[in-house]
Amino acid sequence: MNIDHVATVRQARRGESPDPVAWAVAAERAGAQGITCHLRVDRRHIQDEDVRRLREAVTTLLNLEMALEPGIVEIALASGADQFCIVPENRKEITTEGGLNAVAEADRLALVVPRLRQVGGQVSLFVDPDLEQLDAASRAEAEYVELHTGSYSNARGAERERELGRLARACERAHELGLRVNAGHGLDYDNVDAIAALPHVEELNIGHSIVSRSLTVGVEGAIREMIAAFGSP
Ligand code: PXP
């Protein structure tokens, strides 16, 4: 469960509510098996203090999304997060746009990935389902890739089927390379089942659709409906 957008609503007034940490605890109670937050360089939603409080409150798995920026890397190293997902960050984007270019970032990854692993975190790279990105993730010694499902989510009809095929091939290739596979971005109640059924996929990271749905049915209802939508808890 990605809780960034709970913090987005709070930051609209720079106040204390809604509290993303309380929201995360309710999500866990309803069956979420991990909590994800993205501490962006511009701090547009999650704040440093949220990461600290989440580490105290989260009892499942805390996954910190992070850019390869020196200040963020230092915070990540001290955060105690269980998993680090390295993402690209572009100041003007509305949400994370493309995947990380693990080929072009090989040098920075070679410096950062071993440090994150040394503090006991599992490292994941958020990449497009492209074979050269998977090879680069493997060379960087990441444990996981999170496959970017944004193109699949935005596509319709035959194009969506093509994107699904691309994701399926990426899952197989990642598995052959010894990488574990997560997926996320743009997943919702209608498109999640095909992604949950892909080979080797272990975790799905879903934010916007569940936070949106919770406005109508509450946190627990929104989580339970999502678990029902992807088939099994
Ligand atoms: N995975 C990554 C790496 C992301 O950056 C995001 C968006 O913050 C998500 C998953 C969740 O995407 P969405 O909010 O569209 O479900």
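Every value quoted in this text rests on a predicted model; they were computed, and no experiment measured them.

**Let's talk about the pattern of salt bridges**
Right, so step 1: In this structure the tally under the stated criterion is 18 salt bridges.
Right, so step 2: Between Arg40 and Asp42 there is a salt bridge; the shortest N-O distance is 3.8 Å.
Right, so step 3: When salt bridges with common partners are traced through the structure, they connect Arg29, Glu220 and Arg224 into a single cluster.

**A closer look at the pairing of strand E2 (residues 62-66)**
Right, so step 1: By the criterion of burial, E2 is predominantly enclosed, with five of the five residues buried.
Right, so step 2: Taking every second residue as pointing to the same face, both faces of E2 are buried, with Leu62, Leu64 and Met66 on one and Asn63 and Glu65 on the other.
Right, so step 3: Bridge count for strand E1 (residues 35-38) against E2 is four bridges, and the pairing is parallel. Counted as the bridge partner of Ile35 is Leu62 from E2.
Right, so step 4: Across four bridges, E2 lies against strand E3 (residues 83-86) in parallel orientation. When the sheet's bridge partners are listed, Leu64 is paired in E3 with Phe84.
Right, so step 5: Taking the sense of rotation as the criterion, the β-α-β connection linking E2, helix H4 (residues 70-79) and E3 turns out right-handed.

**Details of the sheet that holds strand E5 (residues 144-148)**
Right, so step 1: Taking strand neighbours across the sheet as the criterion, the seven strands line up as E1-E2-E3-E4-E5-E6-E7 in an open arrangement whose pairing is parallel. Two strands close off the open sheet at either side, each with one partner strand: E1 and strand E7 (201-205). When strand polarity is set aside, the average angle formed by the axes of neighbouring strands in this sheet is 25°.
Right, so step 2: The strands touched by helix H3 (residues 48-57) are E1 and E2; relative to E2, the strand with the most contacts, the crossing angle is about 160°.

**A short note on the site of the ligand**
Right, so step 1: In the region of the ligand, 14 residues are neighbours, and Thr96, Glu146, Gly186, Gly207 and His208 sit closest.
Right, so step 2: Between Glu65 and the ligand, the recorded distance is 3.0 Å, taken from a side-chain N or O atom to an oxygen atom.
Right, so step 3: Gly186 places a main-chain nitrogen or oxygen 2.8 Å from an oxygen atom of the ligand.
Right, so step 4: Protein chains shield 95% of the accessible area of the ligand, which is 400 Å² for the free molecule.
Right, so step 5: Tallied by class, the residues present in the shell around the ligand amount to three nonpolar, eight polar and three charged.

**Remarks on the environment of Asn101**
Right, so step 1: In this fold, Asn101 is placed in the loop between E3 and helix H5 (106-118).
Right, so step 2: Counting along the chain gives 31 residues from Asn101 to Glu132, while the straight-line C-alpha distance between them is 9.6 Å.
Right, so step 3: A polar side-chain atom of Asn101 sits 3.2 Å from the main-chain amide nitrogen of Val103.

**Describing the pairing of strand E4 (residues 122-127)**
Right, so step 1: In terms of residue burial, E4 counts as a mostly covered element, since five of its six residues are buried.
Right, so step 2: For E3 and E4, the ladder comprises four bridges, and the chain directions are parallel. In the strand pairing of E4, Ile86 is matched with Leu125.
Right, so step 3: Taken together, E3, H5 and E4 form a β-α-β motif whose crossover is right-handed.
Right, so step 4: Inspection of the sheet shows E4 paired to E5 by four bridges, in the parallel sense. Within the sheet, the bridge partner assigned to Phe126 lies in E5 and is Glu146.
Right, so step 5: Note on the crossover from E4 through helix H6 (residues 131-139) to E5: the handedness is right-handed.

**Digging into the nonpolar core**
Generally speaking, nonpolar side chains in soluble globular proteins are found buried as a group.
Right, so step 1: Judged by nonpolar contacts, the single largest core of 68 residues is most densely connected at Met1, Ile3, Ile86 and Leu125.
Right, so step 2: At seven residues, helix H10 (residues 208-229) tops the list of elements feeding residues into this core.
Right, so step 3: Non-local contacts of Ile86, meaning those with residues more than four positions away in its chain, are made with Met66, Leu68, Leu100, Leu109, Val112, Val113, Leu116, Val123, Ser124, Leu125 and Phe126.

Rules of the game
- Residues numbered from 1 in each chain as written.
- Predicted model: local features only at pLDDT ≥ 70, side-chain atom pairs only at ≥ 80, totals over all residues.
- Heavy atoms only, no water.
- Salt bridge = Lys/Arg side-chain N within 4 Å of Asp/Glu carboxyl O.
- Buried < 20%, exposed > 50% of the residue type's maximum accessible area, 1.4 Å probe, protein only.
- Helix = DSSP H or I, 4+ residues; strand = E, 2+ residues; numbered from the N terminus.
- Pairing = 2+ DSSP bridges.
- Right-handed = clockwise from strand over helix to strand, strands pointing away.
- Axes fitted to C-alpha atoms, helices over the stretch in contact; angles between N-to-C directions.
- Contact = heavy atoms within 4.5 Å.
- Near = heavy atom within 4 Å.
- Polar contact = N/O pair within 3.5 Å; in protein donor to acceptor, adjacent residues only side chain to side chain.
- Areas by Shrake-Rupley, 256 points an atom, 1.4 Å probe, with all protein chains shown as cover.
- Nonpolar A, V, L, I, M, F, W, Y, C, P; charged D, E, K, R; others polar.
- Core = buried A, V, L, I, M, F, W, Y, C linked by side-chain atoms within 4.5 Å.

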